[in-house]
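Chain by chain, the residues:
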Amino acid sequence: MIAHLQRAATTAALIPALYGLDDPRGRRRPWLIGADYRGADKQLPLFGDPQEVLGGGVLDAPALRIGSRAPEQPVWMCSVRSDPRHPDLSDAQWVDVARRLVAATGLAPVGDPHGCRWAAIRNDDRSVHVVATVVREDGYLHNTYRDPFHVQAECTRIAAELGHLTRTVTTAKDHRMPVITISAAPSGSVVATGTGDDLSATLLRHAGFQQIDDWHGRRHRLPTTTPRPEAASIATHAAQMLRAARYNVDVDPKLHVEPLDPPGRQILHLTDAIRGAADFAELAGVLDELLDADDGMLVRLQEALETASEQITDLDPDQYELSDRFGAASDQLVTAQAELAGVLDEVQLAMSNTAGTADVLAAEDLRTRAALARSTTTPAANAPGAPAAAASTGLPPVLAAAVGAAGRPR
């Protein structure tokens, strides 16, 4: 089967192409063999003359409903022809072909009540024309980017099921990539096997493996002198590149490298560091990771929210309310950054003030100790009128006089 896709501004524009002029070879007039009108508000024919369906704007209604958001050519038509070396299909079989094509492309998936409207029309032997609109009943637009691939792949599968193909039809599952094994050898080296193709060999050499070609075949390995942590890191990096190229990779558990902490856990570690700061100097260092104007966590989070708001608008302009919520959250973080501007300088100032206060307290403590030392070592004889007990008790003169007065008999 061969499929051909076309686009049109309205279904009425397809009438000349489908009806045409009278063919001297006796081409029959178009006739409707099946359709799905989804949410149409009137009873429409499923068989017979398609003039009412094409000229009445039934398939165009969803595009008219969304107005300016509709594409310039919302009508989609797929013409399918079968192999003339085989018997023609019945109308029921052609309807099944049409239904499978709109399901394979995603125009009208099976079980989706909001899919696109479509109709199947025949005007010649061994062919059918599937006419549809790319606007769904819920107002969303069908993405036609991959339609040619999906249509031809489904036509090939249908032809194979009908026995119209003499070759075997392969699918994506038949093109499985080879399995590559990265293991730790008993000698201590890390070996990658199953790398017979050039792409996997190039990726492994880029990761740091050395290629070996001998009677055992092609393989790649790391030198035995490579430290185990570095070897595990190289093996993990190689596995990531190979999997990105859609290879199946098995890595020895002994070469497993713990993944990086998710962003939430990194912020949790930062919170613990803030809580455990012993002084303002340590606190300032931790806060710098959070509040750095160029690469801090706060500015990165604000950029992520702003990007999410823009991406939602790009994906669907109708989701402006959801986009505004992310935008408002981003604006709040901008306000928070402005509120915290220069706060690290204040933390540094608090650190210097704390150090100055400690120096003042230490100086006062030294002066107090020196005064006490001088008062306790003053000789009693040098204090006029002081009792002799001052020298023997070692007390200040005033206290010694008080003690002596208290000890004299009345």
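Our structure is the block above this text.
Residues numbered from 1 in each chain as written. Predicted model: local features only at pLDDT ≥ 70, side-chain atom pairs only at ≥ 80, totals over all residues. Heavy atoms only, no water.

## Some remarks on the pattern of salt bridges
Here is step 1: A full pass over the atoms with the stated rule returns 14 salt bridges.
Here is step 2: Taking the shortest distance from any N to any O, the salt bridge between R122 and D91 comes out at 2.9 Å. Here D91 lies in helix α4 (residues 91–105) and R122 lies in strand β4 (residues 118–122), a separation of 31 residues in the sequence.
Here is step 3: Since its relative accessible area comes to 3%, R122 is described here as buried.
Here is step 4: Of the residues examined, D91 reaches a relative accessible area of 32% and is grouped as partly exposed.
Here is step 5: For E161, the salt bridge goes to R100, with nearest N and O atoms at 2.7 Å. Of this pair, E161 sits in helix α5 (residues 147–162) while R100 sits in helix α4; the two residues are 61 residues apart in sequence, bridging distant segments of the chain. (Salt bridge = Lys/Arg side-chain N within 4 Å of Asp/Glu carboxyl O. Helix = DSSP H or I, 4+ residues; strand = E, 2+ residues; numbered from the N terminus. Buried < 20%, exposed > 50% of the residue type's maximum accessible area, 1.4 Å probe, protein only.)

## Overview of the pairing of strand β6 (residues 179–184)
Here is step 1: Burial of β6 is one-sided: the residues I180, I182 and A184 facing one way are buried, the residues V179, T181 and S183 facing the other way are not.
Here is step 2: Counting the residues between successive antiparallel strands, the hairpin from β6 to strand β7 (residues 190–193) contains five residues, one of them, G188, with a positive phi of roughly 105°. (Pairing = 2+ DSSP bridges.)

## A word on α5
Here is step 1: An ideal rise of 1.5 Å per residue puts 22 Å on 16 residues; α5 measures up with 22 Å between its terminal C-alpha atoms.
Here is step 2: For α5, the full list of buried residues reads D147, V151, E154, C155, T156, I158 and A159.
Here is step 3: Residues of α5 that are buried sit in contact with β1 (2–8), β3 (75–81) and α4.
Here is step 4: Immediately beyond the C-terminal end of α5, within one or two residues, lies G163, with a positive phi of roughly 80°. (Expected span 1.5 Å × (residues − 1). Contact = heavy atoms within 4.5 Å.)

## Details of the sheet that holds strand β2 (residues 31–36)
Two pairing modes exist for strands in a sheet, parallel and antiparallel, and in both the strands are linked by backbone hydrogen bonds.
Here is step 1: Strand order in the open sheet formed by five strands is β1-β3-β5-β4-β2, with antiparallel pairing between adjacent strands. Both outer strands of the open sheet, β1 and β2, are each paired with one neighbouring strand and no more. Between one strand axis and the next, the sheet turns through 20° on average, direction left out of account.
Here is step 2: In this structure, β2 lies alongside β4, joined through five bridges in antiparallel fashion. The residue of β4 that forms the bridge with W31 is R122.
Here is step 3: Its contacts with the sheet put α4 on β2, β3, β4 and β5 (127–133), and the angle it makes with β4 is roughly 140°.
Here is step 4: Each of β1 and β3 touches α5; the most contacted strand, β1, lies at about 145° to it. (Axes fitted to C-alpha atoms, helices over the stretch in contact; angles between N-to-C directions.)

## With respect to unusual backbone geometry
The bulk of non-glycine residues show a negative phi, and the bulk of peptide bonds are trans.
Here is step 1: In this model, R126 sits at a positive phi of 55°, which is unusual for a non-glycine residue.
Here is step 2: Mapped onto the elements, R126 comes out in the loop between β4 and β5.
Here is step 3: Relative accessible area serves as the criterion here: at 27%, R126 is assigned to the partly exposed category.

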